[in-house]
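# Overview (structure and organization)
The chain contents come next:
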Amino acid sequence: MEVGKLIKIIFLGVLNVVFIWTALFLYSSQAYWVLLLLLLGAALVNFVFISEKAYPYRYLLPATFFMVLLVVYPIVYTVYISLTNYGTGNILSKEQAVAQLQERSILDTEAGNYAYQAYRDGQGQLHFVFTSPGGELFLGYAGGLTPVQEGDPRLVELEGFTELTRADLVRATNEISALSFSLDEGRQLRMRNINSFGVYRQQYEYYPERDELLDLETGTTYRSVQGYFQAPDGTRLTPGFREVIGFQNFRKLFTNPQVTGPFLRVFVWTIQWALLSVGCTFAVGLFLALLLNDPHLRFRRFYRSVLILPYAVPAFISALIWRGLFHTELGVINQILKATIGSGVPWLQDPVWAKVALVILNLWLGFPYMMIVCLGALQSINSEMYEAAVVDGASTWQQFYHITLPLLMVSVAPLLIASFSFNFNNFSVIYLLTRGRPPIVNAQTPAGHTDILISYTYRLAFESGRGVDYGLASAVTLVIFLITGAITFLNFRFTGALEEVRKNV
Amino acid sequence: MYRKHSFFRALWRHAVLLFFVVFALFPILWVISASFNPANTLVGQRLIPSNPSLDNYREIFTSEQYPIALWIKNSVVIGLITSTLVVILTAFAAYAFSRFRFKGRRTGLFASLLIQVFPQMLAAVSIYLLVLSIGRLVPALGINTHAGLIMVYLGGAMGVNAWLMKGYFDTIPSSLEESAMIDGASPFQAFYMIILPLARPILAVIFLLQFIGTYSELILASVLISSSEKYTLAVGLQLFIHDQYASRWGVFAAASVLGALPIVLLFMFLQKYLVTGLTTGAVKG
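What comes next is a walk through the structure.

What counts, and where the lines are drawn
- Residues numbered from 1 in each chain as written.
- Chains lettered and ligands numbered in written order.
- Predicted model: local features only at pLDDT ≥ 70, side-chain atom pairs only at ≥ 80, totals over all residues.
- Helix = DSSP H or I, 4+ residues; strand = E, 2+ residues; numbered from the N terminus.
- Buried ≥ 20, exposed ≤ 12 C-beta atoms within 10 Å, placed from the backbone.
- Contact = placed C-beta atoms within 7 Å.
- Pairing = 2+ DSSP bridges.
- Axes fitted to C-alpha atoms, helices over the stretch in contact; angles between N-to-C directions.
- Parallel < 35°, antiparallel > 145°, perpendicular 65-115°, else oblique.
- Left-handed = near helix turned anticlockwise from the far one by under 90°.
- Core = buried A, V, L, I, M, F, W, Y, C linked by C-beta atoms within 7 Å.
- Nonpolar A, V, L, I, M, F, W, Y, C, P; charged D, E, K, R; others polar.

## Thoughts on the overall build of chain B
Within chain B, the regular secondary structure consists of 13 helices and 0 strands. N-terminal to C-terminal, the α/β element order of chain B is α-α-α-α-α-α-α-α-α-α-α-α-α. Dimensions of chain B along its principal axes, counting C-alpha atoms only, are 70 × 70 × 35 Å. Looking at the 285 residues of chain B, the share that counts as buried comes to 44%. Here the contacts in chain B between residues at least 6 apart in sequence split such that 74% fall between residues at least 24 apart.

Have a look at this one:
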């Protein structure tokens, strides 16, 4: 007991050292919110390990810690993103967008052109002599301008440097055009073309108290509206910024026809796909289990161990292998079809055949699991039932329909529902075999005929050529969660697992 | 229900079973055959390669551009460490859920399950940002490190795993620990010395399921790992073969055979646990 206490104290001590070290780091990097969370967490940990009342929580703490950090926090973040316009064009925070816009400048055409000569000194630094339209001379070096008179010793000094020829200037265009020389408040000299510099001034000024951006040239006021600075006539400045826009992503999902159309198609196929997957694997798995459960069958063990094999191959490898088998020109399936019926099938190019290919692949992946589960369930059915049925003169079919199936369903139904949920979100099979292709034409969002909701989300968030839309993708994620969450809830209602928990509490 | 069969009935059954045996075996045999075919292409492959060689396997171990053998090693190491840690975390949590009565037990049990059905896809964005900032604090856990990836996988320790294991712990009579505690054992000692040894089958099942899951995980691994020598097999292999079936089929086939081997071996090794674990644990729910 005493040793146990000692270990506990050392363990807690080490944890607290880690906490303090992290806290110091967070303090020095000014992450005060995270620091606050850390201190709360540290207090909780110390409480749980010191108080005897909190004993059970000690066992839960490690797993809960990782769950909160890596599952709960990302969920909260996703909910937040779904309420924003985060995506291409609205990636920056508001401060970043304002800073970018304030850096924009426009050419002051009335100020005219400044001719220039450029010199490079021994260290490779550039020096400039500018001549204003009025004939005044300026010395330009390292961002600063100094007015000078003809014959100034600093001008004479320049003659010791190398003057850049026209060819040199062309070569150094990138270097020179990145420079700017401050002329006076708000105005800068910048390279306009190879011959001359021009006067540029700031175009936009931001007024934080009114949350407005003023165009200093035209006097137009841009108001901050839904992630953009927008003029009264509706013109928007880019870049936009990330902003909370309420339920607009959800509204778009359900009311904008160009978004809703593909979303509904994807949704319907997701349901079909999950149902077909469960239906086919269960039908084949049950059928094989019934055959294999027959004690008179020879080579049972051989069949069983061979039929289980697809389950032992990692699914991502199987999917990639099948992609090779389904290859339209070179795949073995089409080779066989050509040799037997004369023509192949455009497996991954045609919307319908691509779906068929997916179902075949998922049947291959899934029937062994269903077979194992059904075999287990069949063995638990009391054989006296069948004897009684035979006495009553029931046919084989009647026995199956009235005894086997209902009893089987009691134990297998929850697994079927779980399998439905799993396939509803079976990203890797879809992604690895078809990538959601072939694409649906004329859709505003990137959607394919074989995309299910989860792969559609992936494209919205990461893969679209027309720009990504994290906000909309997060909204779709929440819709998926609502559906799978409800299925899970019902499943546990259905199996009485929740009731069992309630009883134990 | 089952009667002795006439010859034809038996024949019909064997015909159906053989059909599915071919269905189940054909892709596997075809890939094994391709892995020994030095032609390295889908074109004109036969089931029995005409001049078998080990060239494709050699390529896996020697290629500098696509270090497939290294990817397999990475996946195995990540899978083993993750599964071990997950089994430990899950066992603690499941023990608390099974043996103690405390506030929030029911809610916690159900919430952990519900939370795990949340589609992790978009969470990848926030997980990326999170790992980025953790990496600033502890570089060893940052982006593009295996330790960081393993840490992210530990988030899944609660949920279905804890539920399955709790179901199994419930079947172990608590009188065993009670008598140990009368003899002076602490609850932790009772857990460690009595429950864990008895729960070996479910520990094996969780280990296997977690290993398969981690080994095949694609999204988080591809978001968090960016350099080729640190790829897992799932990330590397799909990049390697994507739309290159005509020219890389042989090497891909060899990689598939070697890559599937760890899972197949583990599967055969733990199969007897798996069948009972899947049926008793899951059906019990």
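## Quick word on the pairing of strand β2 (residues 113-120) of chain A
All names here are of chain A. Pairing of β2 with strand β9 (residues 196-202) involves 3 bridges; the strand directions are antiparallel. Along β9, the bridge assignment pairs Tyr-114 with Phe-197. Bridge count for β2 against strand β3 (residues 126-131) is 6 bridges, and the pairing is antiparallel. Looking across to β3, one finds that Tyr-116 is bridged to Phe-130. Count of turn residues in the β2/β3 antiparallel hairpin: 5 residues, of which Gly-124 carries a positive phi of about 90°. In this sheet, strand β6 (residues 162-163) lies alongside β2 in antiparallel orientation, the contact comprising 2 bridges. In the strand pairing of β6, Tyr-119 is matched with Glu-163.

## Digging into the packing of helix α14 (residues 351-379) of chain A against helix α16 (residues 396-424) of chain A
All names here are of chain A. Where α14 meets α16, the closest approach of the two axes is 9 Å, and the angle between their N-to-C directions is 155°. With respect to each other, α14 and α16 are oriented roughly antiparallel. Crossing geometry of α14 relative to α16 is assigned as right-handed. Across from Val-373, Cys-374, Ala-377 and Leu-378 in α14, the residues of α16 making contact are Leu-408, Ser-411, Val-412 and Leu-415.

## Some words on the nonpolar core
Core analysis: the biggest nonpolar cluster contains 166 residues, and A:Ala63, A:Cys374 and B:Ala93 have the highest contact counts within it. At 15 residues, α14(A) tops the list of elements feeding residues into this core. If we skip the residues at most four places from it in the chain, A:Ala63 touches B:Leu89, B:Thr90, B:Phe92, B:Ala93, B:Ala157, B:Met158 and B:Ala162. One finds A:Ala118, A:Phe128, A:Phe130 and A:Phe181 within the second-largest nonpolar core, a separate group that totals 12 residues.

## Notes on the interface of chain A and chain B
Put simply, an interface is often sized by how much accessible area is lost when its parts join up. Counting from both sides, the interface comprises 83 residues of chain A and, opposite them, 77 residues of chain B. Counting residues per element, the side of chain A that touches chain B draws most heavily on helix α3 (residues 55-82) of chain A, at 18 residues. Its residues placed into classes, the side of chain A that touches chain B shows 59 nonpolar, 22 polar and 2 charged.

## Quick word on the sheet that holds strand β12 (residues 221-225) of chain A
Residues and elements named next belong to chain A. As summarised here, the arrangement of the 5 strands in space is β10-β11-β12-β13-β14, forming an open sheet in which the pairing is antiparallel. In this open sheet, the two edge strands, each paired with only one partner strand, are β10 (204-207) and β14 (236-237). As paired strands, strand β13 (residues 228-230) and β14 are joined by 2 bridges and run antiparallel to one another. Counted as the bridge partner of Gln-230 is Arg-236 from β14.

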